Structure formats: structure tokens, C-alpha cells
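Residue-level structure breakdown
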Amino acid sequence: MSTPVLDDIDRRIVVATQDGLELVREPYRAVARRVGIDEAEVRRRLAAMQARGVIRRIGAVPNHYALGYLANGMTVWDVPDDRVRELGRRLGGLGFVSHCYHRPRHLPDWPFNLFAMVHGRDRATVQGHVAGMAALMEDVERGHRVLYSTRILKKTGLRLAA
Amino acid sequence: MTTFEKRLLDEFQRGFPLVERPFAAIADDLGVTEAEIIETLGRLRDEGMVSRVGAVFDPGAIGASTLAAMAVPPGRLDEVTALVNGFDEVNHNYEREHRINVWFVVTAPHRARLDAVIAEIGERTGLEVLDLPMQEAYHLDLGFPLQWN
């Protein structure tokens, strides 16, 4: 395991904020009180975790289902290993792609090595996006699928034990 | 949703101000009061439009995480789901339209615990668990522009 990216105080800040900030005038002071450090230190550490990539963003986390984004398609692509980074960057740059990752194949059942999550108000919208993505692949993809989610079986934020 | 609520959701999925009174800073940007921002976000959260206001952590940076998948026979879906969801290490689990139909994210402090969870799910269900850890990310989850009807 590499050097821990979080020290004990960082971890306590993660635990204190993983369910969201309190909606009060000074939310970081509320965190500071729980962690036992001063308010400015909470903000300094959140900024540092963001700079290191531990925190991807801080803001309002919308519930896409509740907002009418009913179609959630996990698009998966089988592309040559030596092109995966280049193609991944292309797909990841599209506004409607929320996550884009290289993952290992699991042959013979699972030949796909590039994953891109697409959200849309309905399946027709997602299909339109997928057609555009396929066009960006310049004929090098060897196949793709769209796996729509039919049910959320569990969804919680990241859990770090206190 | 009002225009003001839409702007709040569009513009503050990231870049939430790291200042003593962040809601006052947002209020200045949007030309409303701090109290209105706090009240509106609270209501959107209570109505379920917003899951929370806070940090989105990268699970891979905090510990070890993977995307796992299983081909679960339809008749066993409830039983297997209950077993999988019973692990605190499983935070997202989706049913998807494919023979490989159960897809879940497992997050643990280190890889060894991740391996143990996956092995235990495999043993207790008698089903194969595909382990598909991220090799590289090409897009950071920075939120995305919402399209309003």
C-alpha cells in the first residue's frame, strides 16, 4: 500500500462531512467543532484534499433520478489496449459523460475495457449520445453495449468508518 | 423548479466556496440573501432533488475500491441483493439490463479487505464475482450541466 494520503485529522474531516455539510451560516465551524480543530484549519485541509484529488468537488450533489434523468446507461467498449487512453480521453471530454474509466477485461464473459457513464432524460437521448460516441471511435472499437440501470439496489455516499 | 433553484444546482455542483460563510458568498453571486440560499438548499434536500451539499470523495484515493459484477439468476435476485447490500463496504449497487445484471462498487481501507469481501460474496452465493478495478480515469466527476425541460 502506498503512503496514506489522509492523516488522522483528514479522516475525521471525511467522516464528519460524508453525509453532507450542515446547512448553517458557518458549516465549516460545525465540522471544526466535531473534529476538534479550528475552522480555518478545516477549510485549509478541504482545499488541500481537493488539490490532491482526494476530493473531486465540493458542492450540491444532485439526485439525477429525482430531477428527471431517468435513463442511466453504462456504456462499455472493447477497444485495443494501445488506444484505450486516447479514446478514453475523447469520451471523458464529452459533457454528457459523468465518469469514464479503463477497467480490465474478464474474458471470455466480459471483453469490454472502457466504461463511460451517460445520463439522459430518456433512453432515446442516451441512444443519440451513444451514436455520437461510436462515431468518435474511428472504427477501432470491436463492439460496445449500453447497460441501462433498471433499479437502484443500494446507494449511499462513500462510507468511512468513524 | 424556479430559475433561481436551477441556477443554484447548475452553478454550485462544484466550486462551493471555502470561506467562513459560503452561503453568503453564493448569495452575493446570485443576488439573493444568505438565508434564502440556506432555506432553498434545505428544501431541495428534503424533497430529494439534492442528495447532499458537500464533498464528493474519490474512493480510490481514500482506500481501495472496485466495480464488481455478477450474473444473478432472476429467481435469486432478492436473496443475492440482500447479501451483497449487507456489506458496509458496498455503497452503490445497481441492477442493469444484461446477463451480468448486478453491478456494485466495493470500497475498503485496503485491497486485502476488498479481496475478502469479494471472496466471501462468491463463496456464500456460489456465483462468480467479476472484479473490475479502475486502471485509469479519463474524466473527473465535476458534475455536469443539467438540461431543463
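Residues numbered from 1 in each chain as written. Chains lettered and ligands numbered in written order. Predicted model: local features only at pLDDT ≥ 70, side-chain atom pairs only at ≥ 80, totals over all residues. Heavy atoms only, no water.

1. Some points on the overall build of chain B
Summing up its helical and strand segments, chain B has 6 helices and 6 strands in all. Reading the helices (α) and strands (β) of chain B from amino to carboxyl end gives α-α-α-β-α-β-α-β-β-α-β-β. Over its C-alpha atoms chain B spans a radius of gyration of 20 Å, topping by over 25% the 15 Å that the globule rule assigns to 149 residues. Structurally, chain B occupies a C-alpha span of about 60 × 30 × 25 Å along its principal axes. (Helix = DSSP H or I, 4+ residues; strand = E, 2+ residues; numbered from the N terminus. Rg over C-alpha atoms; globule rule 2.2 N^0.38 Å.)

2. Some details on the pattern of salt bridges
Per the stated rule, a full pass over the model turns up 33 salt bridges over all chains. Here Arg45(A) ties to Asp10(A) by a salt bridge, and the two come within 2.9 Å at their closest N and O atoms. With Arg45(A) in helix H3 (residues 39–51) and Asp10(A) in helix H1 (residues 8–17), this residue pair connects regions lying 35 residues apart in the sequence. Residue Arg45(A) is classed as buried on the basis of its relative accessible area of 11%. Given the relative accessible area of 6%, Asp10(A) is considered buried. In this structure, Arg45(B) engages Asp46(B) in a salt bridge whose closest nitrogen and oxygen atoms are separated by 4.0 Å. (Salt bridge = Lys/Arg side-chain N within 4 Å of Asp/Glu carboxyl O. Buried < 20%, exposed > 50% of the residue type's maximum accessible area, 1.4 Å probe, protein only.)

3. A short note on the domain arrangement of chain B
Reports often express the size of an interface as the amount of accessible area lost when the parts come together. Segmentation of chain B into domains returns domain 1 (3–46) and domain 2 (59–132). Centre-to-centre, using C-alpha coordinates, domain 1 of chain B lies 36 Å away from domain 2 of chain B. (Domains from an automatic or database assignment.)

4. So, the domain arrangement of chain A
Splitting chain A by domain gives domain 1 (8–51) and domain 2 (71–148). The C-alpha centroid of domain 2 of chain A is placed 36 Å from the C-alpha centroid of domain 1 of chain A.

5. What to know about the interface of chain B and chain A
Listed as interface residues are 75 residues of chain B and, on the opposing side, 78 residues of chain A. Roughly 7400 Å² of surface becomes buried between chain B and chain A when both sides are summed, with 58% attributable to carbon and sulfur atoms. Applying the counting criterion to the chain B and chain A interface returns 7 salt bridges. The partner of Glu34(B) in a salt bridge is Arg25(A), with the nearest N and O atoms 4.0 Å apart. Along the contact surface separating chain B from chain A lie 33 residue pairs in polar contact (both at pLDDT 80 or more). It is strand E1 (residues 50–57) of chain B that provides the largest number of residues to the side of chain B that touches chain A, a total of 8 residues. When its residues are assigned to classes, the side of chain B that touches chain A shows 40 nonpolar, 19 polar and 16 charged. Both strand E1 (residues 55–62) of chain A and E1(B) contribute to a ladder of 7 bridges, which runs antiparallel. (Contact = heavy atoms within 4.5 Å. Buried area = accessible area lost by both parts, 1.4 Å probe. Polar contact = N/O pair within 3.5 Å; in protein donor to acceptor, adjacent residues only side chain to side chain. Nonpolar A, V, L, I, M, F, W, Y, C, P; charged D, E, K, R; others polar. Pairing = 2+ DSSP bridges.)

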